[in-house]
Every structure is written in C-alpha cells, then in structure tokens.
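# Examination of the molecular architecture
Listed below are the residues making up each chain.
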Amino acid sequence: CDETAVRVLVRDGGEEVRRLIQWGARFDREDNRYHLTREAAHSTARILHAGGDATGREIIRTLIERVRREEKIERLAGAMATSILLDGGRAVGARLRLADGQPFDVLAPAVLLATGGMGCCWAVTSNPPEATGDGLALALRAGCLAGDLEFVQFHPTSLALPGAPAFLLTEALRGEGGVIRNEEGERFLSRIDPRGELAPRDVVARGIAREILRQKGRPVLLDLAGLDSAFVERRFPGVLAACRRYGLDPLRTPIPVRPAAHYAMGGVVTDLWGRTTIPGLYAAGEVATTGVHGANRLASNSLLEGLVFGARAAKAMLGDAECRLPAAPPAAPPSPRLYPGRRAQVQELAERFLGIVRSRPGLERVLAELDSIVQNDRHAEEGDPRPSREVANMVLVLASLARCALWREESRGAHRREDFPVADDRRFRVHSRVDLAGRVTPAPVNFQLEHPGAKNVSRPEQREGGR
C-alpha cells in the first residue's frame, strides 16, 4: 500500500461516513449504538453495516435520493460513454450513446470516471452485468496510464447452485462464526493458514480453489450450524432470501460455495485528488487505483475509498470550473466494436488463464487468443452496439491485465504465479504501470503524480507527506 494514501483514507474516512449519515444513511444499531462487525484479516470489529447484509444497497439508496434532490444534476439513464473528448490534450467532455442509440456529446470543464470494476470479464463473478471495465478502457484509449491491473481479488465464497447467479456470500458470515468444510466435513483451511476462515481473501480463495480441484470441480460448503438461528435471520436476511429462492435453507443445510471475480485493486492511475495523467480527467472508486489497497484489498475498504477519494476528486474538480471549452465538441475517436457473441469466449479465457493462479504459458496463450479476436472481428458492426462495445472493452482490459501479470514475475497479494511462487521485493516491490500500447513500467511505492497547474487544493505531498 501507499502509506500516504492510507493515511488520507483513515483520516478522512470518519468525516465522509458522518456526511453519509447526515444525508440519511441508516446503519444498523444495537443497544442504541452502531453495531460493528469483523471481516477477514481484520484485528477488530470495525465495519458498519446496514439492513444486516445490505450495506451497499443502503448507500446507493442514500446517494440516489440525494442526487434526485439536487436540481442542477441532469441524469441520463441508460446512456453509455463511448469516448473521452480531448482538446489540446485536455479532457473537455465525453461522447455518449443514449438509451435509443443516438450519439450525444457533453462538454464539461472536468470529467469524472466513476464506472466501477471489471468483474464481468470473468464467467463467475459477484459483479453486476455492467461491470465490463468500460471506464478503464475509455481512459486507456484517451491516453491515460493504468496500473496494478494484475491484482484482481477473487471473493472466496459465492453461491454455487445450478441455475443461480454467483451471489456474494458476505465475509461477515465467517466473521460471525461460519466455517468452510470440504465434502468430507473437514475444516481444511486451518491446514493452510492458522487464521483459517479469517485469513486474507487471497489465501482463503486459493485454498478453496485447490480443494474444489481435488473434489473434481464440486464446490465446498459454508456451514452456519454453529450460529444462532435468530441471529442469522436478523443479521443476514439477504443471504437467507437468496438461498431460499433457489430451494436451499442455510439454517438446515450448508451452502455450496466457490470463488468469484470480485474486485480490481488496479485501475486508472490517479493522485490523491482523483486526477489522472490527462488534465481535466478524474477517476474515483474501483475504476481508479490510488495505492490505498496495495496488492490485496482489505474487506469493506472499497466503499470507504469511494467515499473519501470521490469527495476529494469533487473538491479538485472545482478548480477546473474556469477552463475554456471549445465552441463545438471536438471529433470523437472511433469506438471499437467486436461481435457480442464473443463475450462468453472472452470470459472463459479469463477464467482459464487470468484466474486465481497464473503462469507464463497461460498468459501468453490468452494474449494470443485476445489478439486473434481483435484481428478477426475488428470491423464488426452487427447487432446492438452496446454489447459489441462492451466486448471490445473487455478484450482491451484483459489484454492490459495479462501484460501486467506477465511482467510481474513473482507472487504477491492477489497475484499468484505458479512459475514464480514467492515475492521478489528486490525487483517487484513496486507498482505496475501500463499504457494503451501494452508497455509495462514500474513506479515506486508512494509515488504521486505531479500536477503543477492544480491551484484549488494544496499539493498532496504538502498536506499528507511527513505526517
């Protein structure tokens, strides 16, 4: 992790959570105090939650209601951004495709990417269908640097029932006492790490993946038998409802689980104020990489990062308000499209070669396969343009990820190379950086982008450095 970024997160986190509460977020209480829970690799209970296991939904509800009350915000539902508009090397807006497919250019003195992650590049994921790496692809094509793409977190426990989506089974289930067993009923994770079910996510995910391989592809089991039934009903209503929808009662029968692509530690490179390597273009949330998560994000820190660095990006963007915009939108670069039917093939390539464990032959294979898709489908113009653009974005994002993973000849955090099974601090205790051409270079830990033209906020190294 970049210590400077972590200090910002810790220092500003409380203020941003209080702001969310002032806007109406209702976090769970017990005995008239906020109830805190513990998750994997945490040393103490420190996580606020809402509706038992519906924290994300409650935060989204709060933000949507806040946006609806703000008359100055214009909302375009169902639109898709297809390119960043550039004028003299500066971002001055974006080209959108509206829900009816019509192009729509928006000019703006500042542009923020808050597009989430890329989990749907894999076949098994906890992410919503829209998470196809679109914001990252937009930034790369505009000329931004991306970084740390090789660090993808696979959540250890997603629902593994035939016909059911890979519903995320929150880590708090294990934090409150749920255990993982194999087909024989053995708690096998303690053989891998003394922390067992509460070891870091990458350790638990790899342990479960190996056990599933030993069981010839059959899932392992999340057992809640040791928890009080009334407590589970109250604390995890969403989990119970999702399982019961598919005919399984977790209070009576263990839940079959498997790892699923969950979160990208890497993304568009930003400074501590959300600025990318292109003036006028900002990024916040999972699409960005601030250095705060290092190689292996701690559970629940993603929501906090979005609050803290999203607010900082907003403050920094105010400094662009007087930027002179062109009289008319500049020409938008073409938006690549590939056959939508390639989506399943691309996802399967990611599952096979860009999953929990990787190797040079597999990484070289996936790069060759992705390049072949681009060469054969580059002029695809059939069908609904949105799915075809999503597939093109997925291919670019996965190729960039594979190049970063091939460059990092070590195992660290969520990146595991079976041909380089240990960490190499001498060569690789650095961030990766990748551009649109696929060139990968190192960047030191705690490196921050320089933006000498920024004048609305103090320089990050002056405010946070040396504390």
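Up top you'll find the structure we're talking about.
Just so it is clear, the structure is predicted and the values come from calculations on it, not from any experiment.

Let us look at the overall build of the chain. Within the chain, the secondary structure is distributed over 13 helices and 18 strands. A compact globule built from 467 residues would reach a C-alpha radius of gyration of about 23 Å, and the chain, at 22 Å, matches this within 12%. Expressed along its principal axes, the backbone C-alpha trace of the chain runs to roughly 70 × 55 × 50 Å. Expressed as a percentage of the 467 residues in the chain, the buried residues total 52%. Within the chain, residue pairs in contact and separated by at least 24 positions form 68% of the contacts whose partners lie at least 6 positions apart. Total accessible area on the chain is roughly 21400 Å²; 52% of this is exposed by carbon and sulfur atoms. For the chain, the distance from the average position of its 66 positive side-chain charges to the average position of its 60 negative side-chain charges is 1 Å.

So, about the pattern of salt bridges. If you walk through the whole model with that rule in mind, you get 37 salt bridges. Glu176 is the salt-bridge partner of Arg235, the closest N and O atoms lying 3.9 Å from each other. Placement of Arg235 in helix α6 (residues 229-235) and of Glu176 in the loop between α4 (172-175) and β11 (179-181) is noted, with a sequence separation of 59 residues between them. The class for Arg235 is buried, based on a relative accessible area of 5%. A salt bridge links Glu186 to Arg191, with the shortest nitrogen-to-oxygen separation between them at 2.4 Å. Judged by its relative accessible area of 54%, Arg191 falls in the exposed class. Each of Glu150, Arg408, Glu410, Arg412 and Asp425 takes part in one network of salt bridges that share partners.

Another point: the sheet that holds strand β6 (residues 90-97). The strand order across the open sheet formed by 3 strands is β5-β6-β7, and the pairing between neighbours is antiparallel. Of all strands in the sheet, those bounded by a partner on one side alone are β5 (80-87) and β7 (103-107). Neighbour-to-neighbour, the strand axes of the sheet open up by a mean angle of 25°, direction not taken into account. The pairing of β6 with β7 spans 5 bridges and is classified as antiparallel.

Quick look at unusual backbone geometry now. Notably, Asn32 is not glycine yet its phi reads approximately 65°, a positive angle. In this structure, Asn32 sits in the loop between β1 (29-30) and β2 (33-34). On the accessibility criterion, Asn32 (69% relative accessible area) is exposed. Even without being glycine, Asp148 reaches a positive phi, approximately 55°. Along the polypeptide, Asp148 turns up in the loop between β9 (146-147) and β10 (152-159). Residue class for Asp148 comes out buried when judged on its relative accessible area of 2%.

The rules behind each value
Counting from 1, residues in each chain are numbered in the order their sequence is written. Per-residue local features are limited, in this predicted model, to residues with pLDDT of at least 70; the limit for side-chain atom pairs, both in listing and counting, is 80 or more; totals at the level of whole chains, interfaces and linings are taken over all residues. To obtain the side-chain values, all non-hydrogen atoms of the structure were included, while hydrogens and water were left out. Helix and strand definitions follow DSSP, with helices as H or I runs of at least four residues and strands as E runs of at least two, each counted in order from the N terminus. Our radius of gyration looks at C-alpha atoms and nothing else; its globule reference is 2.2 Å times the residue count to the power 0.38. Accessible area is worked out with a 1.4 Å probe on protein chains only. A residue is then buried under 20% of its type maximum, exposed over 50%, and partly exposed in between. Residue contacts are defined here by distance: any two heavy atoms, one from each residue, within 4.5 Å place the two residues in contact. Note on areas: Shrake-Rupley with a 1.4 Å probe; residue coverage comes only from the protein chains shown. The convention is simple: Lys and Arg are positive, Asp and Glu are negative, and His and the chain ends are not counted. Charge coordinates come from a single atom per side chain, which is NZ of Lys, CZ of Arg, CG of Asp or CD of Glu. By convention in these notes, a salt bridge is any Lys or Arg side-chain nitrogen within 4 Å of a carboxyl oxygen on Asp or Glu. Between any two strands, at least two bridges found by DSSP are needed for them to pair. Axis definition: a line fitted to C-alpha atoms, limited for helices to the stretch in contact. Angles are taken between N-to-C directions and run from 0 to 180 degrees.

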